Each structure stands twice: as structure tokens, then as C-alpha cells.
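# Architecture at a glance
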Amino acid sequence: MRPVFAVSGGVSKFAKARPDKTFQAVIKEAYDYAIEDLGIDFPAFTSAVDGSVASYFSDHFSRQLMAGIMAQDYLGLCPKPSHRVEGGGATGGLCLQEAWKSIASGHMDVCVAYGFETMSHVETWKGNEFIALASDVSWDYPVGGFYSGYYAMMVTRHMKEFGTTVEQMAAVSVKNHINAYYNPYAQKRHRYTIQDVRESPMVAWPLTRLDICVMSDGAASVILASEEGLRRLEGAGARIPRPLVRVTGIGRGTDAMRMSDRPHVDYDTFMRDYATESERGSDETRRYYKKLWDHGTRYPGVHSFRAGRTAGNMAYKHAGIHDPLQELDFIELHDAYTSSELQTYEDMGLCRYGEGGSFAVSGKAFMPGLDYGLELPEAPECPVNPSGGLIACGHPVGATGLMQAVFAIWQLQGSIKKHFGDETLQVKNARRGAIHSHAGTGTYVTISILEREE
Amino acid sequence: MSKIPDKRPETLGGYVIHGVPFPIDTDPEALAFLKRMSPIQIEQKYQVTYLHSYGQDSPWFAAASNRRLLATRHAESGYTYATPRGHDMYSGEETVWIDITDRPARVHAFTVCHFGSEEFLPETPFVLALIEFENVNTLFLTRLVGVDPDQATLDWIGMQVEPRFLRNSKLKPTDVYFAPSA
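To start, this report covers the structure provided alongside it. (Residues numbered from 1 in each chain as written. Chains lettered and ligands numbered in written order. Predicted model: local features only at pLDDT ≥ 70, side-chain atom pairs only at ≥ 80, totals over all residues.)

A few words on the overall build of chain A. Scanning chain A from terminus to terminus reveals 21 helices and 13 strands. Relative to a compact globule of 454 residues, whose C-alpha radius of gyration would be 22 Å, chain A shows 21 Å and is just as compact. Taking the principal axes of its C-alpha atoms as reference, chain A extends roughly 65 × 45 × 40 Å. Relative to its 454 residues, chain A shows a buried fraction of 63%. A separation of at least 24 residues holds for 78% of the contacts in chain A among residues at least 6 apart in sequence. (Helix = DSSP H or I, 4+ residues; strand = E, 2+ residues; numbered from the N terminus. Rg over C-alpha atoms; globule rule 2.2 N^0.38 Å. Buried ≥ 20, exposed ≤ 12 C-beta atoms within 10 Å, placed from the backbone. Contact = placed C-beta atoms within 7 Å.)

Accessible area lost on assembly of the parts is the figure often given for the size of an interface. With 43 residues of chain B in contact, the opposing surface of chain A contributes 37 residues. Where the side of chain B that touches chain A is concerned, the elements lending two or more residues are β4 (105-113), β5 (126-133) and β6 (140-144) of chain B. Considering every element that reaches the side of chain B that touches chain A, the biggest residue donor is β4(B), with six residues. The residue makeup of the side of chain B that touches chain A, split by class, is 24 nonpolar, 13 polar and six charged. (Nonpolar A, V, L, I, M, F, W, Y, C, P; charged D, E, K, R; others polar.)

This next bit is on unusual backbone geometry. All names here are of chain A. Cis geometry is adopted by the peptide bond preceding Pro-79, which originates at Cys-78 and carries an omega value of 10 degrees. Looking at the secondary structure, you find Pro-79 in the loop between α4 (67-74) and β3 (82-85). In this model, Trp-205 is joined to Pro-206 through a cis peptide bond whose omega is 10 degrees. Looking at the element boundaries, Pro-206 is found in the loop between β5 (202-204) and β6 (207-208). One non-glycine residue with positive phi stands out, namely Asn-385, at about 55 degrees. Here Asn-385 falls in the buried class, since 28 other C-beta atoms lie within 10 Å of it.

All names here are of chain B. When you tally the buried positions in β6, you get four out of five residues, the bulk of the element. Pairing analysis gives five bridges linking β5 to β6, with the strands arranged antiparallel. When the bridges of β6 are listed, Leu-128 appears paired with Arg-143. The turn joining β5 and β6, which pair antiparallel and follow one another in sequence, is formed by six residues; a positive phi near 60 degrees is taken by Asn-135. (Pairing = 2+ DSSP bridges.)

What follows is about the pairing of strand β13 (residues 444-452) of chain A. All names here are of chain A. A large share of β13 lies buried, amounting to nine of its nine residues. Side chains Tyr-444, Thr-446, Ser-448, Leu-450 and Arg-452 of β13 all project onto a buried face; the interleaved residues Val-445, Ile-447, Ile-449 and Glu-451 project onto the opposite face, where all are buried too. With nine bridges connecting them, strand β8 (residues 245-254) and β13 associate as antiparallel partners. For Gly-249, the partnering residue across the bridge sits in β13 and is Ile-449.

Residues and elements named next belong to chain A. Under the 1.5 Å per step criterion, the end-to-end length of helix α5 (residues 91-104) is 20 Å for 14 residues, consistent within 8% with the ideal 20 Å. For α5, the buried fraction is high: 11 of the 14 residues fall into the buried class. By the burial criterion, the buried members of α5 are Thr-91, Gly-92, Gly-93, Leu-94, Cys-95, Leu-96, Gln-97, Ala-99, Trp-100, Ser-102 and Ile-103. One or two positions beyond α5, positive phi appears at Gly-106, with a value near 90 degrees. (Expected span 1.5 Å × (residues − 1).)

Moving on: the nonpolar core. All names here are of chain A. With 178 residues, the main nonpolar core has Ala-113 and Leu-224 as its most contacted residues. When residues in this core are grouped by element, the largest group, 11 residues, is from helix α20 (residues 397-413). Within the second largest apolar cluster, five residues are counted, among which are Phe-270, Tyr-274, Tyr-289 and Tyr-299. (Core = buried A, V, L, I, M, F, W, Y, C linked by C-beta atoms within 7 Å.)

Residues and elements named next belong to chain A. Following both chains from N to C, one finds helix α9 (residues 166-180) and helix α17 (residues 338-347) inclined at 100 degrees, their axes separated by 8 Å at the closest point. When the axes of α9 and α17 are compared, the pair comes out roughly perpendicular. For the pair α9 and α17, the contacting residues are Gln-168, Met-169, Ala-170, Val-172 and Ser-173 in the first and Thr-338, Ser-339, Glu-341 and Leu-342 in the second. When the residues that make up the contact of α9 with α17 are grouped by side-chain class, the tally is four nonpolar, four polar and one charged. (Axes fitted to C-alpha atoms, helices over the stretch in contact; angles between N-to-C directions. Parallel < 35°, antiparallel > 145°, perpendicular 65-115°, else oblique.)

All names here are of chain B. Pairing is antiparallel across the open sheet formed by three strands, whose spatial order is β2-β1-β3. Two strands in the sheet have a free side with no partner beyond their single neighbour: β2 (80-81) and β3 (96-99). Taken together, the two bridges between strand β1 (residues 70-73) and β2 define a ladder with antiparallel strand orientation. Looking across to β2, one finds that Arg-73 is bridged to Thr-80.

Quick look at α20(A) now. Under the 1.5 Å per step criterion, the end-to-end length of α20(A) is 25 Å for 17 residues, consistent within 8% with the ideal 24 Å. Among the 17 residues of α20(A), 17 are classified as buried, and the element is accordingly described as predominantly covered.

Geometric descriptors of this kind do not, in isolation, establish any biological role.
See below:
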């Protein structure tokens, strides 16, 4: 595999609705931004790019089949090669990794990944129905298909098994909303308190409206290149910032579509097949897990995402990461729900299974120097969702995973101030970050590692 | 306690209008002004009837309409699926049908949906639950009745429940639902 560099990105302002433009023109906003940030003109980039990958989740939302080719066409990329990827909420993460493969394999030297979703064309409750059609339509959808309900069931189990509290989940909402206060691309820029989160309307017990991301219209775009692609772009006039940002690891995992089919494996199987390297290497952690299993915990059940754990283990191995909390400077993860951010802390090995709740209020995942109005006992170690995540930025599904990549590129380039007009969210000396994209009830999960070259 | 709403709910529907404002003359100034106009949005209906087959899972629905709850099992390993699968996920072999109507069952996880998809909005609040059965390896998603949706508590997890069946089958998984054991 060849080295793959993430050279530029762009994001449209995520909004409740963008009726002012068709989806192709919204994608072009993000695409043009990525090109302009390279300092290259449109025709020169069109000559330099080898092809693309398109990302969008739902044909129902767009009521348009083959929307990918319409974007390719509008961007002036025909007749270059392209294809659409789809994998629910992880569509953007899958798209980035498919573009990565195009470069890493030698098939392309410059590849652009673009994605979008236009969710405003239907009422929110119809949107919920479309999203719920991404659950088994024989067995899950007809029972009351509603993704917030599915996630709420997962977290009641998490609460029962591990003592996780609604206040711990609400702290995630407070963190991500306050981070987004400094992100001009975010759809929601509000300062909330734990009380605000708990007093907002109940959607699916115990998740309130402020525990859940919103539906959005938006687009994002990322340009990837090989070493030869760098030379080609720079030969065409591009100014690619140094040090370079490289995608050093990718990982993916899957799980059963029906939550009810998830296995409940024993301790030995968990330690053999799913435990992280550092979990296996710690006597204390092995004892901790043995105690959990002795009390009835089984893995992954419905409280954990083995697809996320599988993706993390794969990506960490690829990138040579042994202790993610210490070796990652930030993470942009798929917080469609406060509960799923908390669950994902565990899947990504930031803490042990069962400790996501206490980790959420420890302070380790917060940005340094920001006032969250919370008593946080520990110093920030690895800010999670410094951008504000899905909960505050919005979740135009096909764009979301690419949005995470764009924010990660900007963090690693040290260019947050340039793009946000404010450096509050710049993670100081960010050298390595992870992005995490998540579908369904944990059916597809991707994790990609981006690093600034020394 | 949720705050009292301070906004009226929005809907997509609006007035039907006849006649769309447009410059009387298409001189260059008027044409340039078109770039500053707000977009036109129209309503489009999208309705379709599908013929959905339950395929190899069909006997489950026939059983539910006859007040029996089926599951599938891999004969050799005994691995049992509360939500039926035609093939075992570990051996790849075909499963066999078994009857679990009278198996002891408990709530494994639950939620109360106060909001939802358009199709189910009129039924809110309703309780969704994942049910675990004795000696069955996987769970079953269902509606739970006989509990107060306004008094949700984690104590419901582990509660013994039993299946109930609709008298007039709809040939949906909701033909069976669960209630606290008598």
C-alpha cells in the first residue's frame, strides 16, 4: 500500500434546510472550498484529479436515484471514474476509506471524496421513518421503527449493567454543544446545562431531544493524494501545507442488522477476540472484566458495539497505536446520541467497558481552557468531538463522516483559526487524530487515523 | 420534567398559490435580479404499495396468528434464535423450528417512545422492549404493555413477562406482544 495524504477539505454550513440550492450545488460549495484552500483554480484541479467517490445514505430523502452521478456531472468531473458508497450513518467514513483505497492501491493519484444529504424535504417524523427503514423491515421496523428508540433500549441496558446515569450522558451534550459554540459550521451553537438537557422534551426514555442529533442538509468534501498526486497538484499550482497530513490507519467492523441477534459471548471469547492489546496486557483489567462477567455481563449484547471495537483494533494496529487515550490528540466520533458517544469511548478503548459513564464526566474528553459549567475532576487528555460532533454540528448523513475528516485535517494542519475564524477549538500541537463513523445500531463502523508528518 | 413547549409545531404544507411572481420584462437588470430570488418549493407525493414476502420466516407469522411463538435452533449446537433465522450464523447450516410460547421470558432492555416515525406517531407513548427467553441465545423485539409509560424505571429490566397474541392477526411481528406475567 502506498502512503495516502489528506491534502484539503471543505464543508458546507450544515443547516436545518437548504432550499436555496439543489444538492449538487450544496456539494459544490464544499468541493470549491477544498479546491480554493489549495490555491488551485477549478480547471487545473479538474485536470489533476483522477476520479471520485460519492457518499449519500438515502434515496428516499433525495427522491432521486443515481444522485451521485448528478453530483459528478455538476462538478464537471465526467467522464472520470466514480462510484457511490452507502452504509447508513457510516456512509461518509466508508467513502473516505474507499477514496483511500483508490490512492493506496495505485489506482489513482488524486481522488476526491464528496458527500451530502438533504433531509429537509420531508417532515421530521417522516425522516425518522426513512431512517428506521434502515432496520429490518420484517422484524424491527413494524414494531415501532424508530432509531432513537433502538438507542434508548441499548442505553437502558448499559445503565442497568454498569450504573451509567442520565446526567453522565447529558454531560456529553453540554460538552459538544459548547464546543460547537465556536464552530461556525455547526447547525446548533448553544450553551446548555445538564438541567437543560434533562428538561428538554423526552423522545425515547431516557433520551431527551438534547441527547439526540438533529437532521440536516449539508455536504462535505475531502481531497486525497499519493506522493505522485502531491507533485501533480503542486505542479498545477496547488499550495499544500507542510507538514503533510497522512491517513495512517483504517479499520472497519460490522454487526448483525437486528440488535436482537447480537451475540452474548463469554469472558474467554471476549478476551481472545475483542479485547484491546492494552486490556489483554493488564492483570488488573483482566480481573475487572472477569468480575463483570461473573456478575452476568456478556459481550457485546446490546450495550456495546463490537463493530466499533473491531474497527478500532484494526485501525490502531494499522497505525501502530497501543494506547489510544495517550496516543491520540483528539477524536471526532459519531455522537448521534449522547449514549452512543459514551458507548464508543469504551469501544475505542479510551476506557474499559462499563466505565463510559464515569469517563464522560472525568474531564478527559473535554477541550482544555473552555468553561463548560461543570465540575470536572481530571484534566483534558484527548478531546472528543472538539467540533461539536453530530449533536451540535448536525448529521446530514452522507456528509457527516467526511465532515469529521475535514475537521481532522484542519486540526492537524493547525488551521482551525483560518477556517473557523477563531482558534478556541484548535487542539494545541495536534499530531494524531481519529475519526469514527457509525451506522445503524452499530452495523457498519469505520475508524480512520490521520497524522501530521514530522 | 419536560419544559412546556413555547413554539407551535411546523408542517411542510402551505397555501396553494396560482401565479408565480416574475419580472414583467426580461431585461438584463431583471434577469440579474433572478439570482436574488428565494427558491420555489413544490410538494411531491410519493406513495407505493410493496408485495413483501416473509420468505423462509413465513411459518413464524402463521404460528403467531395461531397463538404460538416460534424460534429457530441449530440442531447440532442448540444455538437458538428468538428472532428466527433460516440459517445458523456460526455453522451456516439450516435451522429447525421450535416452539417457545411457554418459555420463561424477561425484559432485557426497554424504552418508552414519546415520539417516532410518522406511521407510529398516533400510538405514542408506547413501550419497546427486547425480550430474553430461558435457554435462548438471542433476543426478540416487541411491544410491552401493562406498564405505565409515565413511570418508566430500570426496574422493568429483568421483569418476568409473557406473550399475548392479537385475536385478529395482522401478519406482523406485532401479532405477539408481551405483558408482565400474571
